[in-house]
Structure formats: structure tokens, C-alpha cells
Amino acid sequence: MSIISMAELPILQFEDKIVETVDKNPVVVVIGETGSGKSTQLSQILHRRGYTKSGCIAVTQPRRVAAVTVSRRVSEELNVQLGDEVGYAIRFEDRTSEKTIIKYLTDGVLLRESLSNPELSQYSVIILDEAHERSLNTDVLLGLMKRLIKLRASNLKVLVTSATLDGEKVSRFFSDCPILNVPGKLFPVEIHHSSERPKSYIDACMNKALDIHTQEPEGDVLIFMTGQDDIEKLVSRLEERIQRLEEGSCMDAVIYPLHGSLPPELQIRVFSPPPPNCRRFIVSTNIAETSLTVDGVVYVIDPGFVKQRQYNPSTGMYSLDVVQISKVQANQRAGRAGRTRPGKCYRLYSSVAYKDDFLDATIPEIQRSSLAGSILYLKSLDLSDINILKFDFLDPPSFEALEDALKQLYLIDAIDDEGSITSLGRTMAELPLEPSLSRTLLEANECGCLSQALTVAAMLSAETTLLISQSKSADKKRKHNPSNLPDGSGLGDHIQFLQIFELWHQTDYNTGWCKENNLQVRGMKFVKDVRKQLCQIIQKIAKGPMDVKTSKRRREDQDYRSLRKALCSGYGNQLAERMLRHNGYKTLGFKSQLVQVHPSSVLRTDEEGLFPNYVIYHELIATTRPYMRNVCAVEMPWVRPVFAKLQNLNVSKLSGGANQSHEEVQPENSDVQKDDVVNAAPAQPAEDVDSKILAARERYLARRGQANK
DNA sequence: GAGCACTGC
């Protein structure tokens, strides 16, 4: 195919320059705009110029589909069988062989590889593609690469591809390495800014869409909304308004919603060409910004918002907030209008707002997530020369976030009281799960309920993709569903997940059964794959066969006591105690939160209408109120060991003295002692009043203030 | 009695 189309790719004109720069430098940043061909060509150029003689070329992608489609393209261009010289590796699927010299993989897979081979010695070149998307895994990899080029100075080249606005930052991170600019092949996009923010962005989107439809020549319209609700509102209003337009006054129109929870058959509608003389309106979430590319888009409407999940390490709580997009995102959105011909982008904000208010780049995921998993992973790599809290991140997470991660890991026995990884922690790091679930599996293995725990862990890994999403008007209540789904025996959501999977197992994984019960087939298959993968890893760790069969529970364990006890160990940091005489809970940890059981939970109350005294929760999420999502009843005696650990918690010791202040974070129930220590300070002779103690006191009071809200 | 964007090992 491709001799002609390849020759047109802009990047090929820079081949000599690229090779010369890579020859002379261990790290090179490549700014490659959309359509530059960087993802398919950089690897081939370096292969042509001899870089595969001493090892393979790895190219990471943030998404699975990208790894597959790009590797397929490259294998076609090189005219080889996919899986031979060119292959890919993604979770559940390794299409590489002894012959493979160019390997596309997701960044998560490369991280797993470096666990068993920290020097990644099989690779002569590592290309981190789309690094500007700044996934958690990419950021960890960037830090590891910085170390690796020192260890392997003579035989490793690293290329990082990024966006215009943050290439310089990446270059500074890698000791001012050179930056190569490769132009893209986008058509020009005219940008129109509004003079001010609209009062209602849904109305503004609708008016702009109607303007385009009645005044602009043919071409599809892509509208970015923040979520399913707004998408549905806009779709129905737009349908109504377009129907009212005078017949013959303009061309026909179809309107498609597009978001992640849409069933696949509705998602793929946007990829089939529209009927002739018909304009398509695609009302989409962020999914159309990078993950899905819709051909035929000529007009983009960008209100400038996105919905983002953030983690607050001081409360352990997630929230989903509508925030302003970054400049990088705004440019990415605009670019969606110029893929097939010159286009237009209508921004519902002013150029001044863009220039002055918008961040250059989106706040990276590493500054918005719980870091327990990543920190455990880094600890298990034994980077002996550095304290993990001083790990060199491109954008370092806050000290608070690191402390929170250490606290979590300590409470589930992954690290000891001095912050060193335990043998249990090492085993946990091998499992592709969040630490709470890996810990549950290992405990379940001791309690004889490994098989059940594997199922629960796999179900929770897919939890958000299980239920078929329906529009607002339809009934989508899980527990009031007329279907015959089990109710977790009233013990909670983890147990319900187990029971659902076991029922599906009994139908021999029948897809019809999923549909009847309103479960996404895709999601349930994913659960099955995850469970299988976990079984394989566990058996490898145990060096022998284990009892992992999906089976009915033993008769003597009617109340799932073993499983719930195992969950209690895994969720040591996610325990809550019910308050006296009502159904509110307070979380147990050094900072207590008042929370409630999420209304979607299947947890049952007793005859007096009260929930169990103790529960574990999978996550805290603040929506209209702070809620615990996915809870499971546990019992006082199982909780006691965690209480003991909370008493001994000394976070500054965990961080290996990285916290230079004199503050010692104590369990919540030792507040009195804490007050004494801190208040004593000003009474001492002036020279003893260390400013650090005062700072610690301020932070402490600020935290208490928050907790009491 | 709620209402959740998107990825990934």
C-alpha cells in the first residue's frame, strides 16, 4: 500500500536528522503532531538504521487498541506476518515471538516486564509514545527511564513523544535533551472564540449547532459534553429543534450520542458513513478527544469542560468534578475538525480565557490518584540507592499523597513499620490488582476461600463496566431490578458480585444470560479473563496447583465468613464503624470521615432497621454526599488487629525520615495526646519553639478543621 | 434514595 502514502508522511523528510540526533543523545523528545506518522515510522526508521541489531525496539501506547492497530500497520508496511518481526503485547494477549524486533505494548505491560527484568535488557530502544497523555503508568515509566539511561548509558536509547506545549518540560526533566519537531498533516482549522462564557453551555451548544446546520456547508459536527446526562439532554433538544426547521431549508440530520457506557452496537454507529445529503451531529464525552476518531468531522464545538476523577489523599475520598480543560486538550479537540479537510472549531470561551485561565497541560493522573499501587510497585523494584519518596517524577505527587500511600500499605502488611517492603508485599506487587485486593487474595488463600476471593477481585476490577447503562427514564436500579440477580444474602456488594459470577458460571458463561440480567457481555467476559490471569499468576507464585475452581461454597460457610474475614485484612485501610442508633458510619483511620452506605448497595439492615456495626468499603466517593461504594459486613473480632496497627501507626517512620518535621501522625483516637504534644511547644523556652513544630501544628489544625466540617 | 469521564496491569 503504502509506498506512496508513506512517502507523504512528513516524518520521513526528517529521517537523517532524527537518526543523527538519536545517535548522539541517550534521550530525545519528539514533538509529533497528529498525522506526522510518528507512531508507525519512528520504529521503522531506527530499525532501518541498525538499531535492532543489538536488541528490540519497544513502543509503548497508552491504549490497547492503539498497540494492536499500529503494530498491524507496521507489519503490513514491512510486509511481515504480525507476530513475527513486528508484534504487540497487551494484557491477555501476547503476539510476539523469538523473531520480534519491533514490539508495540501498552505502558502497563512494559511496567510488568520491568518487574522481572529491571534493566529491560532485551530492548535497545524504548519509545514512549503519546507521553503527553500522562497516564499514571507513563509517569512511572518516565522516572524509570531517567534511571535506566544512566545504568545502560552505552546501549539504550529513549525517545519520548509529546505535545507542543509540554515538550520543553520533558526535555528539562531529561537534562535538557534535544527536542525534534515533526510537523503533522492536519488541515488548517479556523478557531472561533466566544466573547464570554455562556450561561448554559447546553443551550449554547444547541444554538451553535443549529447555526452551523443552517448556515455552513456540509460536514459533520462533533460536540464535546461532560457526561451522559448532558449528552442525552442535548440530543433530545437538538432533535426537537431540527425537526421544527422548515422542510427543504437545509439538509437532513442525524444525531448520535457517544460515550463509554453506550453498548458497543450503538458506539459503532458513528463509524459508518452517513446517508447522502445528511449531516451527522455527534454529541460525545471526552472519548472522542483521543480514544475514538470519527471520520468526516469538519466542525467542532468545544465548551471547554471535562469531567475528571480526583483523589483527595487527606480524606481518602474520590470525587468526580467538572473542570476546565487544558490548552493541550483544547488543541487536541480543535484538531478533530481537520482530519479530512479544512475545518472550524467553535470555542465557547474567550481567547483571553484560553490564554490566561487554561493550564498548559492537564494535571497528570499521578497527582489525582491514590498511589498505593504505584508505590508498592516501585518498592518491589528495590531501587536501593534512593528513598522512594524522593523518586524523580516529572511532576512529583504531593508529600501528603505519598504518606497516604505508605499508610495504606502499612495497614495491609505490605510494608513494615520502617517502610521496607515485606515478603507479603512483594507477592502483592506481582498481582495486577489494587493492593487491597491482592492482600485479600493472599489472606483468602490462608483461610481456604481463594476461589471466591479470585472471583470478587476480578468482578471489582470490572465493576463499572458491568451494568448496561440506560437512559434516565428507564429503570436501572440494581436492587429493584425485576431480574433474578442474587442479593448478596444481605451481607453486601462483594458477596453479590461473587454470587452473580457463580450463577453465570453455572450457565456455562452464556451470553444470553448476561443480557437477560442486564449485564454487559463485554464486562463479564473481561471478568472471566481477569480471573483466569489471576489464577495463573497465583499458581506461579505458589509453584503448584491451587484450589481456584469456581464452585459452590462449602456448607459450613453459609455466611461467607472466611471470605469476609479475608476482605477485612485486605481492606485494613477501608473500614468503617456505624455510629450509635443511626445508619451513618465513621471511617476508621487517623482521620475520620462521616460517610453513608451508597443507596445502590445491597447491604441489608436488621429487624431494627440498622446496618451492621462494621463494614469494609471499596471506595469513598463524594457526590451529593460522601458515600461508601461497594460495602461488605464484617465483624468486630476481625477488625481488632487493624485497630492495633492503627495505634502503632507512625507515618514519619514509614517514610524513612523523609518527613523532616517533628510532627508525628497519630491514630485518630489519640487526639488528646496529640494536642498535648503540640500545645506544649509554645510554653517551652523560645529557642526550642521550632518553626517546624508550629508549621506542623498549623497543618494539624487545618486537618482537624476539615474533619469536623 | 442515587445519578459516574476515560484508560490500564
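Shown above is the structure to which this text applies.
Residues numbered from 1 in each chain as written. Chains lettered and ligands numbered in written order. Predicted model: local features only at pLDDT ≥ 70, side-chain atom pairs only at ≥ 80, totals over all residues. Heavy atoms only, no water.

> Requested: an account of the overall build of chain A, with residues and values cited.
For chain A, the helix and strand inventory stands at 25 helices and 21 strands. For chain A, the residues scored as buried account for 53% of the 709 residues in total. Taking the contacts inside chain A whose residues are at least 6 apart along the sequence as the reference set, 74% of them involve residues at least 24 apart. (Helix = DSSP H or I, 4+ residues; strand = E, 2+ residues; numbered from the N terminus. Buried < 20%, exposed > 50% of the residue type's maximum accessible area, 1.4 Å probe, protein only. Contact = heavy atoms within 4.5 Å.)

> Go over the protein's contact with DNA strand B, please, and point to the residues and values.
Surveying the vicinity of DNA strand B reveals 29 residues, the closest of which are R64, G260, L320, T623 and R629. Taking the atoms of DNA strand B that fall within 4 Å of the protein, sugar and phosphate contribute 65% of them. T623 is positioned with one of its side-chain polar atoms (N or O) 2.4 Å from a phosphate oxygen of DNA strand B. No other element matches helix 5 (residues 107-116), which puts 3 residues into the surface near DNA strand B. (Near = heavy atom within 4 Å. Polar contact = N/O pair within 3.5 Å; in protein donor to acceptor, adjacent residues only side chain to side chain.)

> Which residues make up the side chain of S135, and what values do they have?
Here S135 shows up in the loop between strand 6 (123-128) and helix 6 (136-151). Of the polar contacts made by the side chain of S135, one reaches the side chain of D107; its length is 3.2 Å. Look past the residues within four positions of S135 in its chain and what remains in contact with it is D107 and E365.

> I'd like a rundown of the packing of helix 6 against helix 13 (residues 372-380), residues and numbers included.
Between helix 6 and helix 13, the least distance of the axes is 11 Å, while the angle of their chain directions is 25 degrees. With respect to helix 13, the element helix 6 is oriented roughly parallel. In this structure, the crossing between helix 6 and helix 13 has a hand that is right-handed. Contacts from L136, V140 and L144 of helix 6 reach helix 13 at S374, Y377 and L378. Residue composition of the contact of helix 6 with helix 13, by class: 5 nonpolar, 1 polar and no charged. (Axes fitted to C-alpha atoms, helices over the stretch in contact; angles between N-to-C directions. Parallel < 35°, antiparallel > 145°, perpendicular 65-115°, else oblique. Left-handed = near helix turned anticlockwise from the far one by under 90°. Nonpolar A, V, L, I, M, F, W, Y, C, P; charged D, E, K, R; others polar.)

> Break down the packing of aromatic side chains for me, with residues and values.
Inspection of every chain in the model, using the stated rule, returns 11 aromatic pairs. Summarising the aromatic geometry, the rings of Y354 and F358 are spaced 5.9 Å apart at their centres and angled 55 degrees between planes, so their arrangement reads as tilted. Of the residues examined, Y354 reaches a relative accessible area of 16% and is grouped as buried. Directly above the ring of F224 sits R333, whose terminal nitrogen or CZ lies 4.5 Å from the centroid. The ring of Y354 carries R347 above its face, with NZ or CZ at 4.7 Å from the centroid. (Phe/Tyr/Trp six-rings, centres within 6.5 Å; stacked < 30°, edge-to-face > 60°. Lys NZ or Arg CZ within 6 Å of the ring centre and 35° of its normal.)

> Pulling in residues and values, what's your account of the pairing of strand 21 (residues 626-634)?
A large share of strand 21 lies buried, amounting to 8 of its 9 residues. Relative to strand 21, strand 19 (residues 594-597) is paired through 2 bridges, and the arrangement is parallel. Across the sheet, the residue bridging to Q596 is Y627, located in strand 21. The sheet contact formed by strand 20 (residues 614-622) and strand 21 spans 8 bridges and is antiparallel. (Pairing = 2+ DSSP bridges.)

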